[in-house]
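Here's the letter readout for the chains.
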Amino acid sequence: MPAPDAPAQPAGSATTARVVPVSRLAAQPAADAPLVVLALCAQWCGTCREFRLTLERLAEARHDIVFAWADVEDDAELVGDLDVENFPTLALFRAGVALHYGVSLPHEAVVARLVETLAAATPRAAPGLPAEIEALARRLSQPGGG
């Protein structure tokens, strides 16, 4: 007996893709400099695949924030020489300023608190971040960003 088809998802549901691929972010950076939450993950990472659902839910709640996804292998040309050692890793930036870079536990409340805190704060570069993440933040914030 064939498996039943998956039910259709209503428009605006949590499975509607609000998390954009990093290539789209690089091609069309936002002009009004919103907070950007970039998940650096890998397709083979089961935790990352689960984490994507968390980002989708957060994106549905915050339309003023850009949520993006980068597969460190498939998007290596765009993410450059970042040394991502653990997954998932988050990079948050605004207007070319790197605000946060680090491994994130896939706990929705923790990620939401980080996002809310940085969304409300004046953009200020986080000290001690790798030069590669600072360069990525600048590159993805420029017109034609990739």
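Details of the structure are given in the entry above.
For clarity, every value in this text was computed on a predicted model and none was experimentally measured. (Residues numbered from 1 in each chain as written. Predicted model: local features only at pLDDT ≥ 70, side-chain atom pairs only at ≥ 80, totals over all residues. Heavy atoms only, no water.)

So, the packing of aromatic side chains
As enumerated under the stated definition, the model contains one aromatic pair in all. For the ring pair tryptophan 44 and phenylalanine 87, a centre distance of 5.4 Å and an interplane angle of 90° mean the geometry is edge-to-face. Linking tryptophan 44 in the loop between β2 (36-41) and α2 (46-61) with phenylalanine 87 in the loop between α3 (76-79) and β4 (89-94), this pair joins segments that are 43 residues apart in sequence. By relative accessible area, which is 54% here, tryptophan 44 ends up exposed. Overall, phenylalanine 87 belongs to the partly exposed group, its relative accessible area being 21%. Its guanidinium or amino end placed over the ring of tryptophan 69, arginine 52 lies 4.9 Å from that ring's centre, counting from NZ or CZ. (Phe/Tyr/Trp six-rings, centres within 6.5 Å; stacked < 30°, edge-to-face > 60°. Helix = DSSP H or I, 4+ residues; strand = E, 2+ residues; numbered from the N terminus. Buried < 20%, exposed > 50% of the residue type's maximum accessible area, 1.4 Å probe, protein only. Lys NZ or Arg CZ within 6 Å of the ring centre and 35° of its normal.)

Some remarks on a negative patch on the surface
On the surface, a cluster of negative charge is made up of Asp81, Asp83, Glu85 and Glu132. Checked against the element boundaries, glutamate 85 lands in the loop between α3 and β4. When its relative accessible area of 62% is taken as the criterion, glutamate 85 is described as exposed. (Patch = residues over 30% accessible without salt bridge, like charges linked within 9 Å, V, L, I, M, F, W, Y side chains within 5 Å. Areas by Shrake-Rupley, 256 points an atom, 1.4 Å probe, with all protein chains shown as cover. Salt bridge = Lys/Arg side-chain N within 4 Å of Asp/Glu carboxyl O. Lys, Arg positive; Asp, Glu negative; His and termini not counted. Charge placed at Lys NZ, Arg CZ, Asp CG, Glu CD.)

Quick notes on the side chain of aspartate 75
Note that aspartate 75 resides in the loop between β3 (66-71) and α3. Within the buried set, aspartate 75 has no salt-bridge partner at all; the shortest N-O distance to an opposite charge, 8.2 Å, is to arginine 52. Those residues within four positions of aspartate 75 in sequence are excluded, and the remaining contacts are Val22, Trp69 and Ala70. (Contact = heavy atoms within 4.5 Å.)

Details of the packing of α2 against helix α4 (residues 108-120)
Packing of α2 against α4 brings their axes to within 10 Å, and their N-to-C directions diverge by 45°. Between α2 and α4, the interaxial angle falls into the category oblique. The chirality of how α2 crosses α4 is right-handed. Within the contact between the two elements, α2 uses Phe51, Thr54, Arg57 and Leu58 and α4 uses Glu108, Val111 and Ala112. Considering only residue class, the contact of α2 with α4 consists of four nonpolar, one polar and two charged. (Axes fitted to C-alpha atoms, helices over the stretch in contact; angles between N-to-C directions. Parallel < 35°, antiparallel > 145°, perpendicular 65-115°, else oblique. Left-handed = near helix turned anticlockwise from the far one by under 90°. Nonpolar A, V, L, I, M, F, W, Y, C, P; charged D, E, K, R; others polar.)

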